[in-house]
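Listed below are the residues making up each chain.
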Amino acid sequence: MAIKEEDFSETFEISSPAYAMYQALKDLCLNNADYFQHDDTENGQRLHSGFLALIDHVNNVAPLVDDVRKASSKFDLDTETPGNGYRSFVSVVDMCVVHGVKLSRQVCENRDSFLFRKSHYARSGGL
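Heads up: these notes are all about the structure in this document. Everything numeric in this text was worked out from a predicted model, so none of it was measured.

## Concerning the packing of aromatic side chains
In this structure the tally under the stated criterion is four aromatic pairs. With a centroid separation of 6.4 Å and 25° between ring planes, the pair formed by Phe36 and Phe116 is classed as stacked. Within this pair, whereas Phe36 is found in helix α2 (residues 17-36), its partner Phe116 is found in the loop between α4 (85-110) and α5 (118-123), the two being separated by 80 residues in sequence. Each member of the pair Phe36 and Phe116 is classed as buried. Measuring from centroid to centroid gives 4.9 Å for Phe75 and Tyr86, while their planes differ by 50°, and the two rings are tilted. Within this pair, whereas Phe75 is found in the loop between α3 (42-71) and α4, its partner Tyr86 is found in helix α4, the two being separated by eleven residues in sequence. Residue classification places Tyr86 among the partly exposed residues on the basis of a relative accessible area of 41%. In this structure an aromatic cluster arises from ring pairing among Tyr35, Phe36, Phe116 and Tyr121.

Here it is, written out as structure tokens:
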């Protein structure tokens, strides 16, 4: 699978915090996918393909969420009340990305440990 960095960076303004969060998730997933690429166990291959799939999902959802993020202010009740379902949707997706970063970092930091269980991450729905 070819991952094009320029495809992702064109969807966000480079300085936005959202870009950094989504980019961190992609970087961690790529690191983990590279690590498990040559692991010939079933769980190793499931982790490898899971991290690659997560990168694809981030690439697909990031521009959509960014569009919603930009348009959400048009649907506020008024200037004093900046809340609507679109902002809630963006918040939920951002929280999923934060959880993905946390989980991917946990795998990255613990995968060389004797106590690391690939089956736990491959089976638990984490990936």
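We are not done yet, so read on.
## Concerning the pattern of salt bridges
Under the defined criterion, the tally for this structure stands at four salt bridges. Measuring nitrogen to oxygen at the nearest pair gives 2.7 Å for the salt bridge that ties Lys118 to Asp39. One end of the pair, Lys118, is in helix α5; the other, Asp39, is in the loop between α2 and α3, with 79 residues separating them in the sequence. When its relative accessible area of 23% is taken as the criterion, Lys118 is described as partly exposed.

## So, α2
Here α2 contains 20 residues, and its C-alpha end-to-end distance of 29 Å stays within 8% of the 28 Å for a straight helix at 1.5 Å per residue. Listing the buried residues of α2 in full gives Ala18, Tyr19, Met21, Tyr22, Gln23, Leu25, Lys26, Leu28, Cys29, Asn32, Ala33 and Phe36.

## Observations regarding the nonpolar core
If you look at the biggest cluster of nonpolar residues, it comprises 24 residues, and the most contacted ones within it are Tyr22 and Phe51. Elements with a minimum of two residues in this core: α2, α3, α4 and α5. Take this core: its biggest share by element is eight residues, from α2.

## Examining the environment of Leu54
Counting through the fold element by element, Leu54 comes out in helix α3. Taking C-alpha positions, Leu54 is 8.9 Å from Gly100, a pair spaced 46 residues apart along the chain.

Calculation notes
- Residues numbered from 1 in each chain as written.
- Predicted model: local features only at pLDDT ≥ 70, side-chain atom pairs only at ≥ 80, totals over all residues.
- Heavy atoms only, no water.
- Phe/Tyr/Trp six-rings, centres within 6.5 Å; stacked < 30°, edge-to-face > 60°.
- Helix = DSSP H or I, 4+ residues; strand = E, 2+ residues; numbered from the N terminus.
- Buried < 20%, exposed > 50% of the residue type's maximum accessible area, 1.4 Å probe, protein only.
- Salt bridge = Lys/Arg side-chain N within 4 Å of Asp/Glu carboxyl O.
- Expected span 1.5 Å × (residues − 1).
- Core = buried A, V, L, I, M, F, W, Y, C linked by side-chain atoms within 4.5 Å.

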